[in-house]
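Structural description and commentary
One-letter residues, chain by chain:
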Amino acid sequence: MTSKLSLGGKAYLALMFLILYAPIFYLMLYSFNSGDSMSGFESFTLSHYADVFADTRLIVILLDTVLVALLSGFIATVIGTLGAIGIVSVRNRWWRHTLLSLNNVLIVSPDVVIGASFLILFTLIGAKLGFASVLLSHAAFSVPIVVLMVLPKLLEMKTSLIDAALDLGASRRDVLTRVVLPMIQPGIYAGFFMAITYSLDDFAVTFFVTGNGFSTLSVEIYSMARTGITLTVNAISTLVFLATLIVVAGYYWVTNRARAAEAEVRA
Amino acid sequence: MKSLIRSSIAVLVACALLFYASYTLNATSNAGGAGVITVYNWGEYIDPDLITQFEEETGIHVIYETFDSNEAMLTKIQQGGSAYDVAVPSEYMVEKMAEEGLLLPLDPSKIPNLAHIDPYFLNLPFDPGNRYSIPYFWGTLGIVYNPNLVPEGLTFDSWQDLWDPALKQKVFLYDGAREVVGMGLNSIGESLNVKDEALLRRATDHLKTLVPNIKGVIGDEITPLMVNNEAAVALTFSGQAADMMAENEDLEYSVPREGSNLWFDNFVIPKTSKNIEGAHAFINFMLDAEVGAQNADYVGYSTPNAAAMELMDEEVVTDERFYPTGEQRKNLEVYQNLGPEWMGKYSEYFMEFKMAL
């Protein structure tokens, strides 16, 4: 496809990527600065990374952040996938649209509102803020995203496939596990990875529901930045960026494998 | 389906491993069984080695959490979902929290190191008799400037220097009603706690004559601007000025002689505390002379701990910019809680001034 781009088009594309990525690379470059600020690059050092790894609290927060992302992504994927299947199976058009709109409202409503409402809810039922409250709210705001990622796959699936399977003697359970789920598998993975990225970079909701010593990276970095960005922040951000790259690579690996398997079955 | 099951198992195993790793790391930093305290402090406002030292000495495990504004901290404590044992609010917030019944009275018998605090910093109007609070760090509001970027001879030992015609479009102010209107009042020789419409009017009119010199009214963004020689003069807090000066040696800090604000961040024990003994032990530990000196070296703010000051670098504690002498302190005032009605008036006058920009 790139070969069809004109020279101007390529230049434009390159410029756009440069603008989008330059700040990130600037930040990463300074994480190796031996100076104390971003005002001038002195010489190469890994000491800021050493600082990160020497700070047990920071490492615990890093691990907790990943743990919350993975686990909330998992919970959201299970609930969201079932939800999407439920929405598609609604026959009444009006009902289906209403359900879908209710789902979409949750995606567009501001994080601050969602965060505040969770805080009120947890206070009301007297729950202790901490790991559980963060995990539950992350899972909750990720569900609509998973639904949205799985839905197109379900819609492009031919209903005749299900009818055929039923005709050939498959039980409803078989239809779900052997026909529907394999067909929408790429959507499920996409939803899972989207949920992870949403959880990793969420600040507003998490800010409201953390407490009792539990914190995630975005909230912690925000507190640290208050007294001026230290290069430790650059070092953690670089690590997080690399982790995100790994997640993206993982996503492509899984979907490519799924696609290859699919092609094999068809062949 | 098989692939989905396999992926799910992989994710759950990864979660279990992460949970195990984070749990064991938390446990290794937990020295013993003498309980846990949760400390709620400003970001980057303590030497982390001291927390480890406290844990080793007492066996109390410290959960350390940070906040970025007094208001954020107040909300978390009011909400009550977290059991904070020690918090560090600023002076006006101590007063407010005490009024709302959010603080537990301190037990001086459990804080023998209280004797190390300079009596000048005790029994202040925001907490008479130090019933609820003990000062942690203190400082002033003043002017940080870059001598290379302002005309020679300007030393800002008077607020009037800000009005110098040579400073056209060079002055940055801190974005706070109390700070700016207070400075206006100080500059016409009045107290920064007045409750008098006529004086506020005069102060605001005087501030408006400063407009041609003002480049911007901003918050923490001022630090990089001053450090990188991109701004010449700024109204700022001494702690922030110390941070700037650590990175740019050319900068100078001055507290004008007409008077200015004196601020405190203080240890308190919120009502949410579940380990009151541990909280007292922590405060007492932080007031130790050696600990206080090490912490002040690390944080770079002015300590009220007289015993700690003796152990610190002579050059630091005799620096009159950050440790003003008795004579200089005379005109410094703590912001009193003016009540919502007068706070609203200060905000209105500040808005009026900002509109004139």
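Residues numbered from 1 in each chain as written. Chains lettered and ligands numbered in written order. Predicted model: local features only at pLDDT ≥ 70, side-chain atom pairs only at ≥ 80, totals over all residues.

**Here's the deal with the overall build of chain B**
Counted only if it meets this: Per the convention used, a helix needs a DSSP run of H or I reaching at least four residues, while a strand needs a run of E reaching at least two, with both numbered from the N terminus. To sort residues by burial, count the other C-beta atoms lying within 10 Å of each one's C-beta; a count of 20 or more means buried, 12 or fewer means exposed, and anything in between means partly exposed. C-beta atoms are built from the backbone.
Along chain B, the regular secondary structure elements total 14 helices and 10 strands. Every one of the 357 residues in chain B was classed for burial, and the buried ones make up 41%.

**Some thoughts on the interface of chain B and chain A**
The cut-off we apply is this: Whether two residues are in contact depends on their C-beta atoms, placed from the backbone: they are in contact if these lie within 7 Å. In this classification, the charged set is Asp, Glu, Lys and Arg, the nonpolar set is Ala, Val, Leu, Ile, Met, Phe, Trp, Tyr, Cys and Pro, and all remaining amino acids, among them Gly, are polar.
Listed by partner, the interface residues are 35 residues for chain B and 37 residues for chain A. For the side of chain B that touches chain A, the secondary structure elements donating two or more residues are α1 (2-28), β2 (61-67), α3 (70-79), α7 (222-227) and α8 (238-247) of chain B. The dominant element in the side of chain B that touches chain A, judged by the number of residues it contributes, is α1 of chain B, at 12 residues. Residues of the side of chain B that touches chain A, tallied by class, amount to 15 nonpolar, 13 polar and seven charged.

**Brief notes about helix α6 (residues 197-208) of chain B**
Residues and elements named next belong to chain B. The criterion, for reference: Helix span, as expected, comes to 1.5 Å for every residue beyond the first. Here the arc refers to the set of directions running from the helix axis out to each C-beta atom.
Across its 12 residues, α6 extends 16 Å between first and last C-alpha, which sits within 8% of the 16 Å expected from 1.5 Å per residue. Along α6, the positions that sit buried rather than exposed are L200, A203, T204 and L207. Burial along α6 is one-sided: seen end-on, the buried residues are contained in an arc of 100°. Looking at α6, the residues exposed on the side facing more than 90 degrees away from the buried face are A198 and R201. Against the buried residues of α6 lie α5 (177-187) and α14 (339-355).

**Some points on the sheet that holds strand β3 (residues 86-87) of chain B**
All names here are of chain B. Going by this rule: Strands pair, by our definition, only if DSSP identifies at least two bridges between them.
Reading across from one edge, β2-β1-β3 is the order of the three strands in this open sheet, with parallel pairing throughout. If you trace the sheet from one side to the other, it starts and ends with β2 and β3, each paired once. Pairing geometry for strand β1 (residues 36-42) and β3, over two bridges, is parallel. Pairing of Y40 across the sheet is with A87, part of β3.

**Focus on the pairing of strand β5 (residues 171-174) of chain B**
Residue and element names in this part refer to chain B. Note: β5 against strand β6 (residues 214-218), four bridges, orientation parallel. If you follow F172 over to β6, its bridge partner there is G216. The pairing of β5 with strand β7 (residues 233-237) spans two bridges and is parallel. In the strand pairing of β7, F172 is matched with A234.

**A short note on unusual backbone geometry**
Residue and element names in this part refer to chain B. Positive phi is not limited to glycine here, since N123 has a value of about 55°. You can see N123 is positioned in the loop between α4 (91-99) and β4 (134-145). Look at N130: it is not a glycine, yet its phi comes out positive at around 50°. Its place among the elements puts N130 in the loop between α4 and β4. N130 sits in the partly exposed class, given 19 other C-beta atoms within 10 Å.

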